[in-house]
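Overview (structure and organization)
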Amino acid sequence: TEIYTLSLHDALPISGARNTAMHTASGTVMVFLDDDAIPLDGWLDAMRAPYADPEVYGVGGVAHPRWPGPSPRWFPDEFLWVVGCSHRGLPRAAQPVRNLLGATMSFRSTAFGLAGTFDEALGRRPEKPLGGEETEFCIRLTRDHPGVVVRFDPAPQVEHVVSPDRVRLRYFVHRCWSEGTSKAEVTRRVGPGQALSTERRYTTGVLPRAVARGLSDGLRGDRWGLARAAMVLLGLGVTVAGYAAGTVRGPERGGER
């Protein structure tokens, strides 16, 4: 097993760090783990196991939040993606998916020969919080190569450390806005059909149930339930506004693919 630690700076987005690893490492499978994610027992073996199927070219797992204190009761589980974790509404059983969660994912080395590298016009950096490079890469890989499978598996699990600054309303709003602008960039590259397919199911199914659950909890005396319902509506509104702003704004230029 080869392990490479890559430090980020203003000129290098996360996607660039991943491309550096891809060009540097050797081996048949490349596993990507965020520096603030802690693998649980059996994580690596569980990540490698699905590659026994020759059609599987990407495998991703589950990221649980490790909060800096008690889990915030106002924070809806449907928005755990705000802190880089697996949210309610994602699959629970092993199955093909559109894209993987960046905190814990892997690909066959040959996947990069088929689809190229991560788009470096995407990928977060301090002055430009665009993401979605994992989504764009997975869509490109499976779209251009029928028969290739990107697979979610619940067995490889990590804990993703949530820093105190991310348990604040300001960060929640900022991250939702960034997600909207990022989706606009991904849509430019792969089209709305695939770029928004999962999001349509999320907004029309998962989020209405979340609001109803929060309101029901509130009626039963849980005031935090009303707060969670309000946060779902706020998060959805800010994300949609970010998408609209990103659609109006010109496309990001540059980036290796």
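Because the structure is predicted, anything quoted here is derived from the model rather than measured.

1. Notes on the packing of aromatic side chains
The full count for this structure, using the stated rule, is 15 aromatic pairs. Ring plane angle 70 degrees and centroid distance 5.9 Å describe the contact between Phe 107 and Phe 112, whose orientation is recorded as edge-to-face. Take Phe 107: its relative accessible area is 0%, and that puts it in the buried class. Residue classification places Phe 112 among the buried positions, given a relative accessible area of 7%. Note on Phe 112 and Phe 118: the rings are 5.9 Å apart at their centroids and 65 degrees apart in plane angle, and the pair reads as edge-to-face. Like Phe 118, Phe 112 is buried. Each residue in the set Trp 67, Trp 74, Phe 75, Phe 79, Trp 81, Phe 172 and Tyr 202 is aromatic and connected to the rest through ring pairs, giving one cluster. The cationic tip of Arg 108 hangs over the ring face of Tyr 57; the distance from NZ or CZ to the ring centre is 5.4 Å.

2. Here we look at helix 4 (residues 133–144)
With twelve residues, helix 4 extends 16 Å from end C-alpha to end C-alpha; this agrees with the ideal 16 Å at 1.5 Å per step. Most of helix 4 is tucked away, with nine of its twelve residues classed as buried. Every buried residue of helix 4 is listed here: Glu 133, Glu 134, Thr 135, Glu 136, Phe 137, Cys 138, Ile 139, Arg 140 and Leu 141.

3. So, the nonpolar core
Judged by nonpolar contacts, the single largest core of 22 residues is most densely connected at Phe 75, Phe 79, Val 82, Val 83, Phe 172 and Cys 176. Those elements that place two or more of their residues in this core are helix 5 (169–190), helix 7 (197–219) and helix 8 (223–248). Ranked by residue count, the leading element in this core is helix 7, at five residues. Sequence-distant contacts of Val 83, that is, excluding residues within four places in its chain, are made with Trp 67, Phe 75, His 160, Val 162 and Arg 166. Of all hydrophobic cores here, the second largest spans 20 residues; its members include Ala 21, Leu 100, Phe 112 and Phe 137.

4. Let's talk about helix 1 (residues 14–24)
All of the buried residues along helix 1 are Ser 15, Gly 16, Ala 17, Arg 18, Asn 19, Ala 21 and Met 22. For helix 1, the secondary structure elements touched by its buried residues are strand 1 (29–33), strand 5 (104–108), helix 3 (109–115) and helix 4.

5. A short note on the pairing of strand 1
Of the two faces of strand 1, the one lined by Met 30 and Phe 32 is fully buried and the one lined by Val 29, Val 31 and Leu 33 carries no buried residue. Note: strand 1 against strand 5, five bridges, orientation antiparallel. Considered in strand 5, the bridge of Val 29 is made with Arg 108.

6. Some remarks on the packing of helix 4 against helix 5
In contact at an axis separation of 10 Å, helix 4 and helix 5 are set at 20 degrees when each is read in the N-to-C sense. Relative to helix 5, helix 4 is oriented roughly parallel. Two packed elements cross with a definite hand, and for helix 4 against helix 5 that hand is right-handed. Between helix 4 and helix 5, the contacting residues are Thr 135, Glu 136, Ile 139 and Arg 143 on the first element and Lys 183, Val 186, Arg 189 and Val 190 on the second.

7. Some thoughts on the pattern of salt bridges
This model, assessed by the stated rule, comprises 21 salt bridges. Here Asp 222 makes a salt bridge to Arg 228, at a shortest N to O gap of 3.0 Å. Through salt bridges with shared partners, one network takes in Arg 73, Asp 217, Arg 220, Asp 222 and Arg 228.

8. Looking at the packing of helix 5 against helix 8
The contact between helix 5 and helix 8 brings their axes to 7 Å, and the two run at 40 degrees. As far as their axial angle goes, helix 8 and helix 5 are oblique. Where helix 5 crosses over helix 8, the two elements pack in a sense that is right-handed. Seen from helix 5, the contacting residues are Leu 169, Phe 172, Val 173, Cys 176, Trp 177, Glu 179, Gly 180, Thr 181, Lys 183, Ala 184, Thr 187 and Arg 188; seen from helix 8, they are Met 231, Leu 234, Gly 235, Val 238, Thr 239, Ala 241, Gly 242, Tyr 243, Ala 245, Gly 246, Thr 247 and Val 248. For the contact of helix 5 with helix 8, a count of residues per class yields 13 nonpolar, eight polar and three charged.

9. A word on the confidence of the model for the protein
In this model, the protein carries an average pLDDT of 90, and 90% of its residues clear a pLDDT of 70 or more. In the model of the protein, helix 1 stands out as the element of lowest mean pLDDT, 85, in contrast to strand 3 (residues 56–66), which has the highest, 98.

Each value, and the rule that gives it
Residues numbered from 1 in each chain as written. Predicted model: local features only at pLDDT ≥ 70, side-chain atom pairs only at ≥ 80, totals over all residues. Heavy atoms only, no water. Phe/Tyr/Trp six-rings, centres within 6.5 Å; stacked < 30°, edge-to-face > 60°. Buried < 20%, exposed > 50% of the residue type's maximum accessible area, 1.4 Å probe, protein only. Lys NZ or Arg CZ within 6 Å of the ring centre and 35° of its normal. Helix = DSSP H or I, 4+ residues; strand = E, 2+ residues; numbered from the N terminus. Expected span 1.5 Å × (residues − 1). Core = buried A, V, L, I, M, F, W, Y, C linked by side-chain atoms within 4.5 Å. Contact = heavy atoms within 4.5 Å. Pairing = 2+ DSSP bridges. Axes fitted to C-alpha atoms, helices over the stretch in contact; angles between N-to-C directions. Parallel < 35°, antiparallel > 145°, perpendicular 65-115°, else oblique. Left-handed = near helix turned anticlockwise from the far one by under 90°. Salt bridge = Lys/Arg side-chain N within 4 Å of Asp/Glu carboxyl O. Nonpolar A, V, L, I, M, F, W, Y, C, P; charged D, E, K, R; others polar. pLDDT = per-residue confidence, 0-100.

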